[in-house]
Amino acid sequence: MMAKKPPKPAPRRIFQERLKITALPLYFEGFLLVKRSDYQEYKHYWTELRGTTLFFYTDRKSTIYVGKLDIIDLVCLTDQNSTEKSCAKFTLVLPKEEVQLKTENTESGEEWRGFILTVTELSVPQHVSLLPGQVIRLHEVLEREKKRRLETERLPVMPAVKEKEPEQDDVDVPNPMPACFYAVSRKEATEMLEKNPSLGNMILRPGSDSKNYSITIRQEIEMPRIKHYKVMSAGKNYTIDLEKPVTLPNLFSVVDYFVKETRGNLRPFIHSADDNLVLAGVSETSFPCSQLLGSRAQHRRDK
């Protein structure tokens, strides 16, 4: 079998932006045709395998994923007979759905099979046709994934005897957060969105107190307008203050919810050192950011 050039990786700046959204290690990437249960036909995505999750991007340069698929509970991977000799087709059978995947050529299909089975079964499969160098990569990924899971299982648990003081300590524990959080006021967030529309149209910012958050969005339907939404901390969850409140487990899920509800019309506001941010003097930090609801969603303005 002839050696195939690996897919060209995303530029370093894009790679760093994606790291702000998820800290999961990148094991493999490339183009995939994906057909989920709610799709009428295959959709073409640049796909990353991070940990045991597939992240889907509209193209190689996108910094925000449009969908993701957790495959840790993979039941089996089954091959499909394809009339197209130049591609490979297979199905990921999961507890709640079956996802069909198609690759651009048979060689990349073997690689995708190998990496998916390695991270889900925690063993290098014997029935894939790969070159020695590719098999070595599978063994390296296997060790990294075993180590990652072991570290996850060993995460410290706060002793039950401690009550109020540990809760205060938890606030300072550094956790990976979405990149659209900025420590700005309502007025500053509005100005950032109005003066830098190319960087996104949704900002997560502190609320009126130190516990809750607010989302500021800029929509252009008939004319540009700014909206604000409260995101309230409710124990370990977060509730979006809508006509029918929506409660989610973390701020990442809040962001995902807004993006999906607007079918990608709302984009987290993200800028890097390469971007020229018009509003000067605004401090920033990586922190969970929510996605915006579309114009059809009824909401209450935060005060």
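One can find the structure itself at the top, above this paragraph.
Remember, it's a predicted structure, so these values are computed and weren't measured experimentally.

K.L.:
Please provide a residue-by-residue account of the overall build of the protein, values included.
P.N.:
A tally of helices and strands in the protein yields six helices and 12 strands. By residue count, 46% of the 303 residues in the protein fall in the buried class. Relative to all contacts within the protein whose residues are 6 or more apart in sequence, the contacts with residues 24 or more apart total 53%. Summing over all exposed atoms, the protein offers an accessible surface of approximately 17400 Å²; the carbon and sulfur share of this is 50%.

K.L.:
Please give an account of the packing of aromatic side chains that cites residues and values.
P.N.:
Applying the stated criterion across every chain yields a total of nine aromatic pairs. Centroid distance F31 to W46: 4.8 Å. Interplanar angle 80 degrees. Geometry classified as edge-to-face. One end of the pair, F31, is in strand 1 (residues 26–35); the other, W46, is in strand 2 (residues 43–50), with 15 residues separating them in the sequence. In this structure F31 comes out as partly exposed when scored by relative accessible area, which is 25%. With centroids separated by 6.2 Å and ring planes inclined at 85 degrees, the aromatic side chains of F181 and Y213 adopt a geometry described as edge-to-face. Here Y213 lies in strand 9 (residues 213–220) and F181 lies in the loop between helix 4 (164–170) and helix 5 (186–195), a separation of 32 residues in the sequence.

K.L.:
Which residues make up the side chain of E97, and what values do they have?
P.N.:
On the secondary structure map, E97 appears in the loop between strand 6 (89–93) and strand 7 (98–102). Among the polar contacts made by the side chain of E97, one reaches the side chain of R36 at a distance of 2.6 Å. In this structure, E97 is in contact with R36, S37, L69 and L92, ignoring residues within four places of it in sequence.

K.L.:
Break down unusual backbone geometry for me, citing the residues and quoting the values.
P.N.:
The backbone of L122 shows a phi angle near 55 degrees, a positive value even though the residue is not glycine. Residue placement: L122 occurs in the loop between helix 2 (106–121) and helix 3 (132–153). You can call L122 partly exposed: its relative accessible area is 28%.

K.L.:
Mind laying out the sheet that holds strand 11 (residues 237–240), listing which residues take part and the relevant values?
P.N.:
If you trace the five strands from one edge of the open sheet to the other, you get 8-9-10-11-12, paired in antiparallel fashion. Across the chains shown, the open sheet's two edge strands, defined by having one partner strand only, are strand 8 (202–206) and strand 12 (246–248). Adjacent strand axes in the sheet meet at a mean angle of 25 degrees when their direction is disregarded. Alignment of strand 8 against strand 9, held across five bridges, turns out to be antiparallel. Residue pairing across strands places L204 opposite I215, the latter belonging to strand 9. Packing of helix 6 (residues 251–261) onto the sheet brings it into contact with strand 8, strand 9, strand 10 (224–234), strand 11 and strand 12, and relative to strand 11 it is tilted by some 30 degrees.

K.L.:
Explain helix 3 to me, using residue names and the numbers behind them.
P.N.:
Its 22 residues place the ends of helix 3 32 Å apart at the C-alpha level, agreeing with the 32 Å of an ideal helix rising 1.5 Å per residue. Those residues of helix 3 lying buried are Q134, L138, V141, L142, E145 and R149. Here the buried residues of helix 3 occupy an arc of 110 degrees about the axis, which is enough to place them on one side. Exposed and facing more than 90 degrees away from the buried side of helix 3 are P132 and K147.

K.L.:
Residues and numbers for the packing of helix 2 against helix 3, please.
P.N.:
Packing of helix 2 against helix 3 leaves a shortest axis separation of 9 Å and a crossing angle of 30 degrees. One finds that helix 2 runs roughly parallel with respect to helix 3. At the point where helix 2 passes helix 3, the crossing takes the right-handed sense. Contacts from E111, G114, F115, T118, V119 and T120 in helix 2 reach Q134, R137, L138, V141, L142, E145 and R149 in helix 3. Tallied by class, the residues present in the contact of helix 2 with helix 3 amount to five nonpolar, four polar and four charged.

How each quantity is defined
Residues numbered from 1 in each chain as written. Predicted model: local features only at pLDDT ≥ 70, side-chain atom pairs only at ≥ 80, totals over all residues. Heavy atoms only, no water. Helix = DSSP H or I, 4+ residues; strand = E, 2+ residues; numbered from the N terminus. Buried < 20%, exposed > 50% of the residue type's maximum accessible area, 1.4 Å probe, protein only. Contact = heavy atoms within 4.5 Å. Areas by Shrake-Rupley, 256 points an atom, 1.4 Å probe, with all protein chains shown as cover. Phe/Tyr/Trp six-rings, centres within 6.5 Å; stacked < 30°, edge-to-face > 60°. Polar contact = N/O pair within 3.5 Å; in protein donor to acceptor, adjacent residues only side chain to side chain. Pairing = 2+ DSSP bridges. Axes fitted to C-alpha atoms, helices over the stretch in contact; angles between N-to-C directions. Expected span 1.5 Å × (residues − 1). Arc of directions from axis to C-beta. Parallel < 35°, antiparallel > 145°, perpendicular 65-115°, else oblique. Left-handed = near helix turned anticlockwise from the far one by under 90°. Nonpolar A, V, L, I, M, F, W, Y, C, P; charged D, E, K, R; others polar.

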